[in-house]
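The chain contents come next:
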Amino acid sequence: MDTDERRSGVRATSYANVPRQLWVEEPAVSRRMADPVRTAAVRAVIIASLTMIQGMVAFLCTLTGAWLAFPMVLSSVGSTVVATWAVLDVWVTRQVWNQRNGVVSIPSSTARQLRRERRRVRRTARAAARRAERIRRGGSGRLSQA
């Protein structure tokens, strides 16, 4: 027996039969982004990273005095405008998604409960109106149809 095994009182071979997991699933802390918002976010990240690379190339070209420095600086300014637009697009897309699809609340929100009650009242009112219409039509003043 090894000295570590003596201290712990467990043999190293006893762990050989226990399967080890590569990762453990943990519940997500926040909900997943909506598909259009995620698409806009990925697009914004790609554009922003390309803009940063382009800015770095412009900076290095400026340091070396290469002829490409001036066109790269001009295109970097344009790319910065496009990257800002892409980030704003993520924000606008998120706002539009929330407005169109509503905010999911757990447990169900008060507004949802009020809508259900209003629907129930309207349904009973329509059913009562239908019953009253049937009664009115049925008693047309004739004693018999025969």
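Anything mentioned here points back to the structure above.
**Student:** Requested: an account of the overall build of the protein chain, with residues and values cited.
**Tutor:** Along the backbone of the protein chain there are 4 helices and 0 strands. For the protein chain, the succession of helices and strands along the chain, N to C, is α-α-α-α. Buried residues in the protein chain amount to 12% of all 146 residues. For the protein chain, long-range pairs separated by at least 24 residues make up 55% of all intrachain contacts whose partners lie at least 6 apart in sequence. As displayed, the protein chain has an accessible area near 13,100 Å², and 62% of this comes from carbon and sulfur atoms.

**Student:** Can you tell me about the pattern of salt bridges, naming the residues and giving the values?
**Tutor:** Any two side chains of opposite charge can pair, on the condition that their charged atoms come close. This model, assessed by the stated rule, comprises 2 salt bridges. Residue D89 is joined to R43 by a salt bridge in which the shortest nitrogen-to-oxygen separation is 3.1 Å. Here R43 lies in helix α2 (residues 35-64) and D89 lies in helix α3 (residues 69-101), a separation of 46 residues in the sequence.

**Student:** Please give an account of the side chain of S76 that cites residues and values.
**Tutor:** Considering the arrangement of structural elements, one finds S76 in helix α3. Every residue in contact with S76, bar those within four places of it in the chain, is listed here: T51, Q54, G55 and A58.

**Student:** Tell me about the packing of α2 against α3, and name the residues and values.
**Tutor:** Following both chains from N to C, one finds α2 and α3 inclined at 165°, their axes separated by 8 Å at the closest point. One finds that α2 runs roughly antiparallel with respect to α3. Judged by the twist between their axes, the crossing of α2 over α3 is left-handed.

**Student:** Account for the environment of P36, with residues named and values stated.
**Tutor:** Topologically, P36 is positioned in helix α2. Spatially, the C-alpha atom of P36 lies 8.8 Å from that of V90, the residues being 54 residues apart in sequence. Excluding its chain neighbours within four sequence positions, the residues that come into contact with P36 are T93 and W97.

**Student:** Which residues make up α3, and what values go with them?
**Tutor:** Residues three or four positions apart in an α-helix share a direction because the helix packs 3.6 residues into each turn. Helix length check: α3 (33 residues) gives 47 Å between terminal C-alpha atoms against 48 Å at 1.5 Å per residue, within 8%. Among the residues making up α3, those that are buried are A69, M72, S76, S79, A83, A86, V90 and T93. Packed against the buried residues of α3 are α2. At the exit of α3 stands G102, carrying a positive phi of roughly 75°.

**Student:** Requested: an account of α2, with residues and values cited.
**Tutor:** Its 30 residues place the ends of α2 44 Å apart at the C-alpha level, agreeing with the 44 Å of an ideal helix rising 1.5 Å per residue. Along α2, the positions that sit buried rather than exposed are V37, A40, A41, A44, T51, Q54, A58 and C61. Summarising the contacts, the buried residues of α2 are in contact with α3. Looking one or two residues beyond α2, the residue adopting positive phi is G65, at roughly 75°.

**Student:** Would you mind going over the nonpolar core in detail, with residue names and values included?
**Tutor:** A40, A41, A44, A86 and V90 form the largest nonpolar core, which has 5 residues in total. Elements with a minimum of two residues in this core: α2 and α3. It is α2 that provides the largest number of residues to this core, a total of 3 residues. Ignoring anything within four residues of it in the chain, the contact list for A41 reads M33 and V90.

Quick notes on the rules
- Residues numbered from 1 in each chain as written.
- Predicted model: local features only at pLDDT ≥ 70, side-chain atom pairs only at ≥ 80, totals over all residues.
- Heavy atoms only, no water.
- Helix = DSSP H or I, 4+ residues; strand = E, 2+ residues; numbered from the N terminus.
- Buried < 20%, exposed > 50% of the residue type's maximum accessible area, 1.4 Å probe, protein only.
- Contact = heavy atoms within 4.5 Å.
- Areas by Shrake-Rupley, 256 points an atom, 1.4 Å probe, with all protein chains shown as cover.
- Salt bridge = Lys/Arg side-chain N within 4 Å of Asp/Glu carboxyl O.
- Axes fitted to C-alpha atoms, helices over the stretch in contact; angles between N-to-C directions.
- Parallel < 35°, antiparallel > 145°, perpendicular 65-115°, else oblique.
- Left-handed = near helix turned anticlockwise from the far one by under 90°.
- Expected span 1.5 Å × (residues − 1).
- Core = buried A, V, L, I, M, F, W, Y, C linked by side-chain atoms within 4.5 Å.

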